[in-house]
Amino acid sequence: MSRLKALAAAALLLGSPALAQQPEAKPLEPGRENLAIPYEKYTLPNGLEVILSVDRKLPVVAVNVWYHVGAYDEQPGRTGFAHLFEHMMFQGSKHVADDVHIALMEQSGASDLNGTTSFDRTNYYETVPSNLLETALWLESDRMGFLLDALTEKKLETQREVVKNERRQGVETAPYGEAQEKAWQALFPAPHPYSGNVIGSMKDLDAANVDDVKAFFRTWYAPANATIAIVGDFDVAKTKALVEKYFATLPSGPKPKRPDVKPVKVTRETVIRHDEKVATLPLLSMAWLTAPYLKPGDATADVLATALGTGRASRLYRRLVLDKQLAQSVDATQQSQGAQSVFTIEAVARPGVTTDALQKEIDAVLDEVRKEGVTQEEIVRARTRYDTRQLAGLQAVGGSGSKSDTLQSYNQFVGEPSYVAQDLARYQEVTPALVKQFATDVLRPDARVVLHAVPSSKGAPPSSGSGKEAR
Amino acid sequence: MHRRILTALLTLTVSACATTKPAETPPETPASQQPQTPAPDPEAFRDTQPKPGTPPEIVLPTFEKAQLDNGLTVIVSTRKELPLVFAGIAFASGVSQEPLAKLGVADLSYRMLLEGAGKRDTVALDNAFADLGVSPAMSVEPDGAFVGARVLTRNVDAVMALLSDVVLRPTFDAKAFDRRKKQQLGELVRRMGDPNFLAQQAYYAAVFGADHPYGHPSGGTPKTVQSLTLADAKNFYVKNTGPRAAALIMTGDVTLPQAVEWAKKYFGGWKGGAVAPKPPPAPPAPPREQVRVVPKPGLEQTVVLVGRPGLAAGHADEYPLELATTVFGGFFGSRLNMNIREDKGYSYGANASLGTRLGVGPLTAYAAVRQNVTGPALEEFMKELAGIKTNPITEKELAAAREGLIRAFPGAFETVEGLGGSASQLFFHRRPMDEYKKSVEGLRDASAAEVQRVAEAYLDPAAMQVVLVGDPLVIQEQVTPLKLGKLTLVETPASDAAPAPKAATP
């Protein structure tokens, strides 16, 4: 539960990829028909893809635009730029006055209103009362077509400050924030585009200028590099006409080619010892590079992550929290991404317990899996969990992890918006032997980055200056 | 302030429109190089914001209620589109029912429900839920607690059987308690590393008083938790829960008659005399005399919490105050955020919210600001609060808040777990089943004069308590000149010997 919450929070701040949040699964009979999402997809002459899906449950419509660009596509020396750019998309465009976008949506009763950036994509979404669909299309089309007309130095300056504060909030002043960033830098050494953090470094944020915004917009925000999904209570014919009216005349260049980056490899164990300044308890984290989203091995990693770290009966929880009582909490995730994924195990120590003690126990659990795999029962439980989660993800029409996001995600990664059945079918193929093989071949001790984030002895816990005054 | 800026920028944009023409071919040429042409602009239609069609009906969820002979309340909200059901038990006693010497007992007691029930121990119970595709959710709040799960329709009966074990037949195993207690003590250490938690803890003590039932967060202090025994946890559960102080919540693919049948089958035999507790007393809202500082040396941002007691759910001022708070800081486009974030760039975001509770809840404004603008940012908080009186809420601001809040209702109830959460809140706050209809009416009917009156009454900067978490020296240097009150370091219960959270007033 806490894991889900943490992921949701990450999505809010930065938008960790929606796909990574929900390792989906295979519905059994009663739920299956509900997982097929009826939709229509077509492409405007300028290359903009349109996905329409009617859902009349409530009188609301979600508009969700994906630009197929993320932190992965940034230039060297401009880490964080894709996300900084995302902020600029809320600052007005030629026909939409500055700071009007969000205010107008809010006073119209929009919910699930935001933009998020991941390594692989950037999305912008709003769920509006059904009579305001045209207003949402007006707003989305104007920033897709006319953003630069309203761009100013001052706006960039302000948003740079806002984003630097976002970074301070999510990295510098967050427990383990800087430590986890170091681990990612070790997994993907610079200049790999996944290196570090979607939000970028302070130095690179400082370096970003108006010309960068212009160039990034012209290259990556072409209609040919975007897909708009409209999901909810709307009239299909009228909506097609509206999409034509607002988007068809937007000029576009060709679909940009994303950088071709060779997969990285970790060939020897990297150990990071971080002097933790914010958190009060030690954290041990181990991370490996794994198969990309939806590629062979990705589903196996999902199942193992669930068996290891989800619930009180999971293997790591049982050993480290229940039996040995060395850890406060454990976590295991497969963060699925377009180029390469990351499999992470984390444990937070009980007071007085060392990270070395945690590592010993985690290694013991991993050795078990390398020898025996997991049980068929664990695999079935994981699948049932994914069934439920996948169906639940179709309840909300807009926002991160919603129905429109699901369509968009499959569309970007496999070119087929309704891919739920195929996605879930992957988990039917996962066997105890495959999990064993994955643990042995991929989760190798010499292919991992191990992070010990240990609070500095004098920094924490905060002093209890009883009765003293600061004035 | 931001209004004027907005107008200025608007003018800029409009003038840009007059002198430029959209690029017709890629790549776009810079706007400045475009010749001015008198030709009709085919894109001119974009200058006009589309006129919205007829607003759809405000579709609100229906909550239905029934009661079993043993007193158990059943609350249902039916939503049939998907074969999903959210089911759980809401308990009417929460953190506010903890005796001061036993802070943390509510949390520990309720969490023991998932540490073994019926014939299953911790692991077997978790596996039984996992067989249904879920980990059970548990939350312990000021006014109640909730345990439940979201499952496919075909798993409802099975999950009800498990919940019945959890609620009626918890094991309260001694070994599991011992472990859970140590884990809880560890949590108390862990959360000392979270600046937002430190702020919240000091804030509750500042607004309600450390001895008030709402004066502390869930979880207790090292001292109180250390002293808790298995008997304490068991007694809390026995004394505070029972069918007359609980509700079965079911939302989604389920009807009221079905829910009543399940309630009878699995909870019909539940006995116990506990009744729902009285609301905590209203705290005083005295003028601010101090600025409380939780030291976190070297922290790059300062967490700012500004607030006071608000009101209890159902209070006559609730909807006017909701509107006033929204104009002040509830929306992204509110005065506070537009100033602190969008104009000054001091923060990733500033907001204000009215925390509705069974008793008087907190009225809170929040931002995490860059360390070296702690003083200026806090000054802007105070200016915006004072500005509510000197620069009264305009008709336009009020209309935006009113329409925005009302129109957002349908979209706020998309998920069965969301409906379940809302149903629990109705139960915790003892609100009628048509509460949301009343909310819409209340928001619609609140007059401008009423909104302005409550805004001035509740947002007066003089009665706003201030809590800052950050580098004490920076705060001292930046905040002292503002003369907002004596800077006082707040003691945090980090060590075993520390007492309950308390402002260390010299």
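Residues numbered from 1 in each chain as written. Chains lettered and ligands numbered in written order. Predicted model: local features only at pLDDT ≥ 70, side-chain atom pairs only at ≥ 80, totals over all residues. Heavy atoms only, no water.

A. Representation of the domain arrangement of chain B within the structure. Residue and element names in this part refer to chain B. Considered domain by domain, chain B is made up of domain 1 (64-267) and domain 2 (290-503). Domain 1 and domain 2 are separated by 28 Å when their C-alpha centres are compared. Taken together, the contacts link 46 residues of domain 1 with 47 residues of domain 2. Interface area for domain 1 against domain 2, summed over the two sides, is near 3,700 Å², with a carbon-plus-sulfur share of 71%. Considering only the side of domain 1, the residues that lose the most area to domain 2 are Arg79, Asp143 and Tyr203, jointly responsible for 16% of the buried surface there. Here domain 1 is connected to domain 2 by 1 salt bridge. (Domains from an automatic or database assignment. Contact = heavy atoms within 4.5 Å. Buried area = accessible area lost by both parts, 1.4 Å probe. Salt bridge = Lys/Arg side-chain N within 4 Å of Asp/Glu carboxyl O.)

B. Looking closely at the nonpolar core. B:Val306, B:Leu378 and B:Phe381 are the most contacted members of the largest nonpolar core, which has 94 residues in total. Listed in part, the 55 residues of the second largest apolar core include A:Leu137, A:Met144, A:Leu156 and A:Val171. (Core = buried A, V, L, I, M, F, W, Y, C linked by side-chain atoms within 4.5 Å. Buried < 20%, exposed > 50% of the residue type's maximum accessible area, 1.4 Å probe, protein only.)

C. Structural context of the packing of aromatic side chains. All names here are of chain B. Under the definition given, this model contains 37 aromatic pairs over all chains. Between Tyr110 and Phe236, the ring centres sit 6.1 Å apart and the planes meet at 85 degrees, which makes this aromatic pair edge-to-face. With Tyr110 in helix H2 (residues 105-111) and Phe236 in helix H8 (residues 230-240), the pair connects residues that are 126 residues apart, well separated along the chain. A residue is classified by how much of its surface remains accessible, and Tyr110, at 0% relative accessible area, is buried. Residue class for Phe236 comes out buried when judged on its relative accessible area of 5%. Centre to centre, the rings of Phe172 and Tyr237 are 5.9 Å apart; their planes meet at 45 degrees, and the pair counts as tilted. (Phe/Tyr/Trp six-rings, centres within 6.5 Å; stacked < 30°, edge-to-face > 60°. Helix = DSSP H or I, 4+ residues; strand = E, 2+ residues; numbered from the N terminus.)

D. Fine view of the sheet that holds strand E1 (residues 40-43) of chain A. Residues and elements named next belong to chain A. Taken in spatial order, the 6 strands make up an open sheet running E1-E2-E6-E3-E5-E4, and their pairing is mixed. Edge positions in the open sheet fall to E1 and strand E4 (111-117), since each of these has one partner strand only. In this sheet, neighbouring strand axes are inclined to one another by 15 degrees on average, regardless of whether the strands run parallel or antiparallel. For E1 and strand E2 (residues 49-54), the ladder comprises 4 bridges, and the chain directions are antiparallel. (Pairing = 2+ DSSP bridges. Axes fitted to C-alpha atoms, helices over the stretch in contact; angles between N-to-C directions.)

E. Spatial organisation of the pairing of strand E6 (residues 137-141) of chain B. Residue and element names in this part refer to chain B. Of the strand pairs in this sheet, E6 and strand E7 (residues 144-152) are connected by 5 bridges, and their pairing is antiparallel. Bridge pairing in E7 places Ser139 opposite Phe146. Where E6 folds back onto E7 in an antiparallel hairpin, the turn is made up of 2 residues.

F. Molecular detail of the domain arrangement of chain A. All names here are of chain A. Segmenting chain A into domains produces domain 1 (39-247) and domain 2 (270-455). Distance from the C-alpha centre of domain 1 to the C-alpha centre of domain 2: 28 Å. Listed by partner, the interface residues are 43 residues for domain 1 and 43 residues for domain 2. When the area that domain 1 buries against domain 2 is broken down by residue, the three leading residues are Trp66, Tyr176 and Leu187, summing to 21%. At the junction of domain 1 and domain 2, the tally comes to 1 salt bridge.

G. Here's a closer look at the packing of helix H12 (residues 298-309) of chain A against helix H18 (residues 432-441) of chain A. Residue and element names in this part refer to chain A. Running from N to C, H12 and H18 point in directions that differ by 90 degrees, and their axes come no closer than 10 Å. One finds that H12 runs roughly perpendicular with respect to H18. The segment H12 lies against H18, with Thr300, Ala301 and Leu304 engaging Leu434, Val435, Phe438 and Ala439. Its residues assigned to classes, the contact of H12 with H18 comprises 6 nonpolar, 1 polar and no charged. (Parallel < 35°, antiparallel > 145°, perpendicular 65-115°, else oblique. Nonpolar A, V, L, I, M, F, W, Y, C, P; charged D, E, K, R; others polar.)

H. Region of interest: the UniProt feature "domain: Peptidase M16 N-terminal" (unreviewed entry) in chain B. The sites that carry the UniProt feature "domain: Peptidase M16 N-terminal" (unreviewed entry) are, in the present numbering, residues 81-187 of chain B. With 41% helix and 24% strand, the stretch residues 81-187 of chain B has end C-alpha atoms that lie 40 Å from each other. (UniProt positions renumbered as here; feature names shortened; annotations may be inferred.)

I. Here's a closer look at the packing of helix H14 (residues 355-372) of chain A against H18(A). All names here are of chain A. Interaxial distance between H14 and H18 falls to 7 Å at its minimum, and their mutual angle equals 130 degrees. In terms of orientation, H14 and H18 fall into the oblique class. With respect to the hand of their crossing, H14 and H18 are arranged in left-handed fashion. Residue-level inspection shows Val369, Arg370, Lys371 and Glu372 of H14 in contact with H18, the latter providing Val435, Lys436, Ala439 and Thr440. (Left-handed = near helix turned anticlockwise from the far one by under 90°.)

J. Spatial organisation of the confidence of the model for chain B. All names here are of chain B. Chain-level statistics for chain B give a pLDDT mean of 91 and a share of 90% at 70 or above. pLDDT under 50 marks residues 1-33. Its contacts with residues more than four places away, or in other chains, come to 44 contacts. For the stretch residues 495-506, pLDDT sits under 50, and the model shows 28 contacts to residues farther than four places along the chain or on other chains. Model confidence for the complex: the whole-complex pTM is 0.90, and ipTM, which rates the interface, is 0.89. (pLDDT = per-residue confidence, 0-100.)

K. Highlighting helix H9 (residues 256-267) of chain B. Residue and element names in this part refer to chain B. Listing the buried residues of H9 in full gives Leu256, Ala259, Val260, Trp262, Ala263, Tyr266 and Phe267. The buried residues of H9 occupy an angular sector of 165 degrees when projected down its axis, which confines them to one face. Away from the buried face of H9 by more than 90 degrees, exposed residues Pro257 and Lys265 are located. (Arc of directions from axis to C-beta.)

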